[in-house]
Amino acid sequence: MSTRSAIGVMHGDKAKVVYCHWDGYLSHNGQILQDHYDSPKANHLVALGDLSVLGKNIDVPEDREHTFNHPADGVCVFYGRDRGEKDQEYVVVESDTEMYDQFPWCEYFYVMKEDVWYVSQGPDSKWRRLDMALSAEKVDS
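These figures come from a predicted structure and were not determined experimentally.

Sorry if this is basic, but what is going on with the overall build of the protein here?
Of regular secondary structure, the protein possesses five helices and eight strands. Along the three orthogonal principal directions, the C-alpha set of the protein runs to about 40 × 35 × 30 Å. Put simply, the protein has 141 residues, and 40% of those count as buried. A fraction of 50% describes how many contacts in the protein between residues 6 or more apart in sequence connect residues 24 or more apart. Roughly 7,900 Å² of accessible area belongs to the protein as shown, and the carbon and sulfur atoms make up 47% of that amount. Across the protein, 14 positive and 25 negative side-chain charges occur, with their mean positions spaced 2 Å apart.

Structure representation (structure tokens):
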């Protein structure tokens, strides 16, 4: 079963947000975003649209094969780029409520604002700095 997430980047008072199907929990997608996605790379990520799998890398190394069904290790798998699906672009939202409404099936919500990642688990959850949430999770385990 998948743990679905939404991943967004703030641009002023709006966010560009994409859907990610697999491994949305903190110790996977959260850790990857925190460790591997600075602001320029996060913008590149959402520009490519909805994902099946978040990886540490966006671009496919020239010496490796990468398809939706046979992805290269550590490389993001996008519905548009890697599967050829249409209408997989990011959506623009103007509030947390709008993001939750656009992605009601997601269990985790990640947003980068001013070069800092934040995480929420939906409308009944407060936004927390992702680095703090990851630290708290390690202490609890």
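Looking at this model, I keep getting lost on unusual backbone geometry. Mind explaining?
Glycine aside, negative phi is the norm for most residues, and most peptide bonds take the trans geometry. Here the phi dihedral of Asp23 falls at roughly 55°; this positive angle occurs in a residue that is not glycine. Mapping Asp23 onto the fold places it in the loop between β2 (14–20) and α1 (26–36). Residue classification places Asp23 among the partly exposed residues on the basis of a relative accessible area of 25%. For Glu114, which is not a glycine, the phi torsion comes out positive at approximately 50°. Position of Glu114 among the secondary structure elements: in the loop between β6 (108–113) and β7 (116–120).

Mind showing me how you'd approach the pattern of salt bridges here?
For side chains bearing opposite charge, pairing can occur when the charged atoms are close. Per the counting criterion, the structure on display carries five salt bridges. The partner of Arg81 in a salt bridge is Asp82, with the nearest N and O atoms 2.8 Å apart. Take Asp82: its relative accessible area is 14%, and that puts it in the buried class. Where Glu85 meets Arg83, a salt bridge forms, and the shortest distance between an N and an O atom there is 3.2 Å. Since its relative accessible area comes to 30%, Glu85 is described here as partly exposed. Since its relative accessible area comes to 46%, Arg83 is described here as partly exposed.

I tried to follow the state of the cysteines on my own but got confused; where do I start?
Linking two cysteines covalently via their sulfur atoms produces the bond known as a disulfide. All told, the structure shown has zero disulfides when counted by the stated rule. Lacking any disulfide linkage, Cys20 is separated from the closest cysteine sulfur, that of Cys76, by 7.7 Å. A relative accessible area of 0% places Cys20 in the buried class. Counting only cysteine sulfurs, Cys20 is the nearest neighbor of Cys106, a cysteine outside any disulfide, at a range of 8.8 Å.

Can you help me understand the packing of aromatic side chains in this one?
Aromatic rings in a pair are described by how distant their centres are and how their planes are angled relative to each other. Using the criterion set out here, one finds six aromatic pairs in the structure. With a centroid separation of 4.8 Å and 80° between ring planes, the pair formed by Tyr100 and Phe109 is classed as edge-to-face. For Tyr100, a relative accessible area of 10% puts it in the buried group. For Phe109, a relative accessible area of 2% translates into the label buried. Centroid distance Tyr108 to Tyr110: 6.3 Å. Interplanar angle 10°. Geometry classified as stacked. Neither Tyr108 nor Tyr110 differs from the other in exposure class; each is buried. Put simply, the rings of Tyr19, Phe103 and Trp105 pair up and form one aromatic cluster. One Lys or Arg, Lys41, reaches over the ring of Tyr37 and ends 4.6 Å from the middle of that ring.

How each quantity is defined
- Residues numbered from 1 in each chain as written.
- Predicted model: local features only at pLDDT ≥ 70, side-chain atom pairs only at ≥ 80, totals over all residues.
- Heavy atoms only, no water.
- Helix = DSSP H or I, 4+ residues; strand = E, 2+ residues; numbered from the N terminus.
- Buried < 20%, exposed > 50% of the residue type's maximum accessible area, 1.4 Å probe, protein only.
- Contact = heavy atoms within 4.5 Å.
- Areas by Shrake-Rupley, 256 points an atom, 1.4 Å probe, with all protein chains shown as cover.
- Lys, Arg positive; Asp, Glu negative; His and termini not counted.
- Charge placed at Lys NZ, Arg CZ, Asp CG, Glu CD.
- Salt bridge = Lys/Arg side-chain N within 4 Å of Asp/Glu carboxyl O.
- Disulfide = S-S within 2.5 Å.
- Phe/Tyr/Trp six-rings, centres within 6.5 Å; stacked < 30°, edge-to-face > 60°.
- Lys NZ or Arg CZ within 6 Å of the ring centre and 35° of its normal.

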